[in-house]
Amino acid sequence: METKISSSIEEAAEFLNRSQLVAIPTETVYGLAANALDKAAVVEIFNAKQRPSFDPLIVHIGNKSDVALYARQIPANAQKLMDAFWPGPLTVVLPKQEIIPDEVTSGLDTVGIRMPDHPFTLQLLQQLNFPLAAPSANPFGYISPTTPQHVFAQLQNKIPMILDGGPCEVGVESTIVGFEGEVPVVYRLGGLTLEDIRNVCGEIKVEVNSSSDPKAPGMLNSHYAPQKPLYLLKDIASDFSFDNSVAIIVFGDYEVKGNEQVFNLSTNADYKEAAANLFSFLRMLDTDESINKIYAFLLPEFDLGLAINDRLKRAAYKI
Ligand code: AMP
Ligand code: MG
């Protein structure tokens, strides 16, 4: 199957209406989308990604009010968060309506729902008669795609179309929030910061560490991983020297130590810019043949630094 890269929303809708898969742009990362109400189409997503069936998908909607079609109960704090941050990088996990197939939720009684903030995908969703189930458009466990070319590099010939919406503006996945009664529980750090959530809801819980428990969404210890070894750095002795097969990912000020190739996520120490660059940098370094090893400094644990560090730690995780 030939994979076309095109900006035609109509064409994307045609493929989706025929139960086929289309990669879609969002502000976080590119998604691999299918009709969320069509079990067979949803199973194709798992096949194309080689994603284990225990890892549930997020359902994408084009209108805020559609959430009630797919969730049977909406805590007041969930509503407040949706009102404040949709469309945007926030996924809410809510008790599901029966119309959502078990294939989407991996048999859970809850469903993750999000309204993405990308003009093409919003238009597409608004013209379809169904929501889209879409995980990130990459083989399971690998670095998430933030450009159409990233998707093409790995899914060419497996899907008929990539809807080209340019590079993703946020660059890390959505923040996933469930609820214990009214208390928001953050399951995955992402493009919406904890400060943003606290400003709307007050007290929150953060439970992002429970690794291989599938209820702790997509939070496997090893994920987002390049094929080359990646090592995390706290600091480097001042007399240490790297050779030029080493790439080092830094944030803000950095003094060159030897012949290392330096990749600065943001020379101005801007968290948004760093998040937007992260996955592109990792992919570029993974495919650059002059590089054997990747080192990365963790960022300060503020703002999007938390989500970026989460991705770097999982990318570096060794069994
Ligand atoms: P991806 O889009 O590939 O980043 O994956 C979506 C993530 O959302 C997965 O890792 C899921 O674990 C998580 N997720 C989706 N639905 C649920 C749910 N009902 N409960 C908990 N986590 C969910
Ligand atoms: Mg993913």
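Residue positions are counted from 1 within each chain, in the order its sequence is given. For naming, the first written chain is A and the first written ligand is 1, with later ones following in the order written. It should be noted that, the model being predicted, local features are given only for residues of pLDDT at least 70 and side-chain atom pairs only at 80 or more, the latter also being counted only at that level, while totals for whole chains, interfaces and linings use all residues. The basis for every side-chain value is the complete set of non-hydrogen atoms in the structure, without hydrogens or water.

**Some remarks on the overall build of the protein chain**
Phase 1: Each helix is a run of DSSP H or I of at least 4 residues and each strand a run of E of at least 2, with the numbering of both proceeding from the N terminus. Of regular secondary structure, the protein chain possesses 10 helices and 15 strands.
Phase 2: It is over C-alpha atoms that the radius of gyration is taken, and the globule rule equals 2.2 Å times the number of residues to the power 0.38. For 319 residues, the compact-globule estimate of 2.2 N^0.38 gives 20 Å, and the protein chain sits close to it at 19 Å.
Phase 3: On the principal axes, the C-alpha backbone points of the protein chain span a range of 60 × 50 × 35 Å.
Phase 4: The 319 residues of the protein chain split such that 57% are buried.
Phase 5: Restricting to contacts in the protein chain with at least 6 residues of sequence separation, those with at least 24 account for 66%.
Phase 6: Accessible surface, the protein chain: about 13500 Å² in total, of which carbon and sulfur atoms supply 48%. Buried, partly exposed and exposed residues are distinguished by accessible area as a fraction of the type maximum, computed with a 1.4 Å probe on protein chains only: under 20%, between the cut-offs, and over 50%, respectively. Between two residues, a contact is recorded if the distance between any of their heavy atoms is within 4.5 Å. Each accessible area is a Shrake-Rupley result for a 1.4 Å probe, and residues are judged covered by the shown protein chains and nothing else.

**Quick notes on the packing of aromatic side chains**
Phase 1: We call Phe, Tyr and Trp rings a pair once their centres come within 6.5 Å, taking the six-membered ring for Trp, and we label the pair stacked below 30 degrees between planes, edge-to-face above 60, and tilted otherwise. Applying the stated criterion across every chain, the model contains five aromatic pairs.
Phase 2: Arranged with centres 5.4 Å apart and planes meeting at 35 degrees, the rings of tyrosine 231 and tyrosine 295 form a pair that is tilted. Remark: tyrosine 295 occurs in strand β15 (residues 293-297) and tyrosine 231 occurs in strand β12 (residues 230-233); sequence separation between them is 64 residues.
Phase 3: Tyrosine 231 sits in the partly exposed class, given a relative accessible area of 33%.

**What about a negative patch on the surface?**
Phase 1: Nonpolar side chains (Val, Leu, Ile, Met, Phe, Trp, Tyr) within 5 Å and like charges within 9 Å form the patches, drawn only from residues with over 30% relative accessible area and no salt bridge. Within this document, salt bridges are pairs made up of a side-chain nitrogen of Lys or Arg and a carboxyl oxygen of Asp or Glu, the two lying within 4 Å of each other. When charges are counted, Lys and Arg contribute as positive and Asp and Glu as negative, whereas His and the chain ends are disregarded. Just so you know, the charge point we use is NZ for Lys, CZ for Arg, CG for Asp and CD for Glu. The grouping of Glu195, Asp270, Glu273 and Asp303 at the surface amounts to a negative patch.
Phase 2: As for its position among the elements, glutamate 195 is in helix α8 (residues 194-201).
Phase 3: In this structure glutamate 195 comes out as partly exposed when scored by relative accessible area, which is 35%.

**What about the pairing of strand β5 (residues 90-95)?**
Within a regular beta strand, the side chains point alternately toward one face of the sheet and then the other, so they alternate between its two faces.
Phase 1: Among the six residues in β5, six count as buried, and that is most of the element.
Phase 2: For β5 and strand β6 (residues 110-114), the ladder comprises four bridges, and the chain directions are antiparallel. Of the residues in β6, the one forming a bridge with leucine 94 is valine 111. At least two DSSP bridges between two strands are needed for those strands to be called paired.

**Re helix α1 (residues 9-17)**
Phase 1: Looking at α1, one finds that the buried residues are Ile9, Ala12, Ala13, Phe15 and Leu16. Along α1, the residues classed as buried sweep out an arc of 160 degrees about the axis, all on the same side.
Phase 2: Backbone geometry just after α1 places serine 19 at a positive phi near 65 degrees. Within this analysis, the arc is defined by the directions that extend from the helix axis to the C-beta atoms.

**Description of the layout of surface pockets**
Phase 1: The calculated volume of the second largest pocket comes to roughly 380 Å³.
Phase 2: Surrounding the second largest pocket, 19 residues form its lining, Glu27, Pro89, Glu169, Val170 and Lys272 being those nearest its centre.
Phase 3: Taken together, the residues of the lining of the second largest pocket sort by class into seven nonpolar, six polar and six charged. Definitions used for this entry: grid spacing 1 Å over protein atoms alone; cavity, a set of points where a 1.4 Å probe fits but cannot get out; pocket, an open set with protein on both sides within 12 Å along at least 5 of 7 lines; lining residue, one with an atom within 4 Å of a point. Grid points are joined across faces, edges and corners, and a volume is the space filled by probe spheres set on the points. Each residue receives one of three labels: charged for Asp, Glu, Lys and Arg, nonpolar for Ala, Val, Leu, Ile, Met, Phe, Trp, Tyr, Cys and Pro, and polar for the others, Gly being one of them.

**Some remarks on the environment of glutamate 14**
Phase 1: Tracing the backbone through its elements, the reader meets glutamate 14 in helix α1.
Phase 2: Taking the C-alpha atoms as reference, glutamate 14 lies 43 Å from valine 250; in sequence the two are 236 residues apart.

**Here's the deal with the pattern of salt bridges**
Phase 1: A complete count under the given rule lists 10 salt bridges for this structure.
Phase 2: Arginine 114 is paired through a salt bridge with glutamate 27; the nearest N and O atoms lie 2.8 Å apart. Residue arginine 114 is located in strand β6, and its partner glutamate 27 is located in the loop between β2 (22-24) and β3 (31-35); the two are separated by 87 residues in the primary sequence.
Phase 3: On the basis of relative accessible area, arginine 114 is assigned to the buried category, the value being 2%.
Phase 4: The class of glutamate 27 is buried, set by a relative accessible area of 6%.
Phase 5: One salt bridge connects aspartate 102 with lysine 96, and the closest N-O pair in it is separated by 3.9 Å.
Phase 6: Sharing partners across several salt bridges, the network here consists of Glu173, Asp310, Arg311 and Arg314.

**Quick word on unusual backbone geometry**
Phase 1: Going from tryptophan 86 to proline 87, the amide bond is cis rather than trans, its omega being -5 degrees.
Phase 2: Relative to the helices and strands, proline 87 is located in the loop between α4 (76-85) and β5.
Phase 3: Unusually for a residue other than glycine, serine 106 sits at a positive phi of about 55 degrees.

**Some thoughts on the packing of α1 against helix α6 (residues 119-127)**
Phase 1: One way to put it is that α1 packs onto α6 with a least axis distance of 10 Å and a crossing angle of 50 degrees. By the angle between their directions, the pair α1 and α6 is classed as oblique. By crossing handedness, the relation of α1 to α6 is classed as right-handed. Of the residues in α6, those in contact with Ile9, Glu10, Ala12, Ala13 and Leu16 of α1 are Phe120, Gln123, Leu124 and Gln127.
Phase 2: Residue composition of the contact of α1 with α6, by class: six nonpolar, two polar and one charged. Axis lines are fitted to C-alpha atoms, over the contacting stretch for helices. Their N-to-C directions set the angle, which ranges from 0 to 180 degrees. Note on terminology: angles under 35 degrees are roughly parallel, angles over 145 are roughly antiparallel, angles of 65 to 115 are roughly perpendicular, and the others are oblique. Each crossing gets its hand from how the near helix is turned against the far one by less than a right angle, where anticlockwise is left-handed and clockwise is right-handed.

**With respect to the sheet that holds strand β8 (residues 161-163)**
Phase 1: The 11 strands lie next to each other as β1-β8-β2-β3-β7-β4-β6-β5-β9-β10-β11, forming an open sheet whose pairing is mixed. Since the sheet does not close on itself, it has two edges, and those belong to β1 (4-6) and β11 (205-206), each with one partner.
Phase 2: Two strands pair when backbone bridges link them, and strand β10 (residues 183-188) and β11 are joined in this way by two bridges, in the parallel orientation. Bridging from a neighbouring strand, valine 186 pairs with valine 206 of β11.

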